[in-house]
Each structure stands twice: as C-alpha cells, then as structure tokens.
Amino acid sequence: LLLAVGVGRQSSAPLAAALQWVIRDGVGRAGRMLFSQIGTGFDAETKQHRLAAAWVLNMSCTLESISPLFSNFFLPIACVANLAKGASTIAAASTRGAIYKSFMRWENLGDITAKQETVGVAGDLAGP
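Residues numbered from 1 in each chain as written. Predicted model: local features only at pLDDT ≥ 70, side-chain atom pairs only at ≥ 80, totals over all residues. Heavy atoms only, no water.

### Some thoughts on the overall build of the chain
Item 1. The number of helices and strands found in the chain is four helices and zero strands.
Item 2. From first element to last, N terminus to C terminus, the chain shows the α and β order α-α-α-α.
Item 3. Counting only residues that meet the buried cut, the chain has 23% of its 128 residues in that class.
Item 4. Put simply, of all contacts in the chain between residues at least 6 apart along the chain, 65% involve residues at least 24 apart.
Item 5. Here the chain has roughly 8800 Å² of accessible surface; of this, 65% comes from carbon and sulfur atoms. (Helix = DSSP H or I, 4+ residues; strand = E, 2+ residues; numbered from the N terminus. Buried < 20%, exposed > 50% of the residue type's maximum accessible area, 1.4 Å probe, protein only. Contact = heavy atoms within 4.5 Å. Areas by Shrake-Rupley, 256 points an atom, 1.4 Å probe, with all protein chains shown as cover.)

### Here's the deal with the confidence of the model for the chain
Item 1. The share of residues in the chain with pLDDT of 70 or more is 87%, and the mean pLDDT across the chain is 82.
Item 2. Taking the mean pLDDT of every element in the chain, the minimum, 81, falls on helix H1 (residues 14-38) and the maximum, 91, on helix H2 (residues 46-66). (pLDDT = per-residue confidence, 0-100.)

### Observations regarding H2
Item 1. With 21 residues, H2 should cover 30 Å at 1.5 Å per step; its first-to-last C-alpha distance of 30 Å lies within 8% of that length.
Item 2. Among all positions of H2, only Thr46, Ala53, Ser60 and Glu64 are buried. The buried residues of H2 occupy an angular sector of 55° when the element is viewed end-on, so they sit on one face. Exposed and oriented more than 90 degrees from the buried face of H2 are Lys47, Leu51, Trp55 and Ser65. (Expected span 1.5 Å × (residues − 1). Arc of directions from axis to C-beta.)

### So, the pattern of salt bridges
Item 1. Counted by the stated rule, this structure contains three salt bridges.
Item 2. For Arg24, the salt bridge goes to Asp25, with nearest N and O atoms at 3.0 Å.
Item 3. Taking relative accessible area as the criterion, Asp25 reaches 25% and is therefore assigned partly exposed.
Item 4. Salt-bridge contacts for Glu64 lead to Arg24; the nearest nitrogen and oxygen are separated by 2.9 Å. With Glu64 in helix H2 and Arg24 in helix H1, this pair connects stretches of sequence that are 40 residues apart.
Item 5. Of the residues examined, Glu64 reaches a relative accessible area of 11% and is grouped as buried. (Salt bridge = Lys/Arg side-chain N within 4 Å of Asp/Glu carboxyl O.)

This is the structure we're talking about:
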C-alpha cells in the first residue's frame with residue numbers, strides 16, 4: 001500500500017502520502033460508524049451475517065492488496081476496501097456474542113470467548 005501512494009519515489013511528497021493514508025483510515029472508521037447505525041437483524045440471522053462479514057472482509061482485503069496495481073486510483077480503491085472492512089468488522093462483532101452463546105453449556109461465556117481469541121491468535125500466527 002505504501003508503494004501505491006508514492007513512498008519510496010524521489011518525486012513523492014511525504015505529506016501527500018500521509019494525507020492519503022489518513023483519508024483512507026477515516027473513510028474506514030466512518031464506514032464502521034455508519035454500518036453500526038444501519039445494520040439490523042444480527043440476532044435473527046446470525047449465521048448469514050457472519051458468513052457475509054467473512055466474505056466481505058476477504059473481498060476487501062483482496063481489493064486492498066491489488067490497489068498498488070492501480071496507483072492512479074489508489075485512494076478510491078483503498079477507501080472502498082477500508083469501508084467494506086469496517087462494515088465487515090461491525091457485522092462480525094455483532095454476531096460474535098450470539099455464536100459464542102450457542103456453544104455455552106453452563107454460564108461460561110468468558111471461557112469460550114478466551115478460547116476463541118486464542119484460536120484467532122494462533123490462526124494469525126500460522127498465516128494464510
């Protein structure tokens with residue numbers, strides 16, 4: 001992503017690169033706030049929302065990874081990707097509680113959450 005905004009080139013202005021980065025992150029955060037207000041039905045259709053969130057996250061990561069190929073359109077592509085990542089984060093977080101609750105046998109939601117976080121970290125360390 002840094003190469004696409006011009007980092008490493010003699011003619012690039014570091015301020016312009018930083019500004020694009022701030023705009024990209026700002027759009028992503030705005031997307032999270034917007035989607036948290038308009039997203040509904042997470043408890044009724046938990047599995048569908050969680051699956052859609054995972055799919056949108058994968059597509060947005062793919063879009064973000066190919067953005068250096070289109071350096072003229074880097075900012076719009078990166079903004080769309082970050083907007084989608086923000087929406088998928090809200091959808092995934094909104095469904096997490098209901099999914100974890102379905103695994104409960106006793107009042108052990110904290111234990112289940114801790115175990116899932118450990119599995120998530122292990123998956124991150126293992127890579128794709």
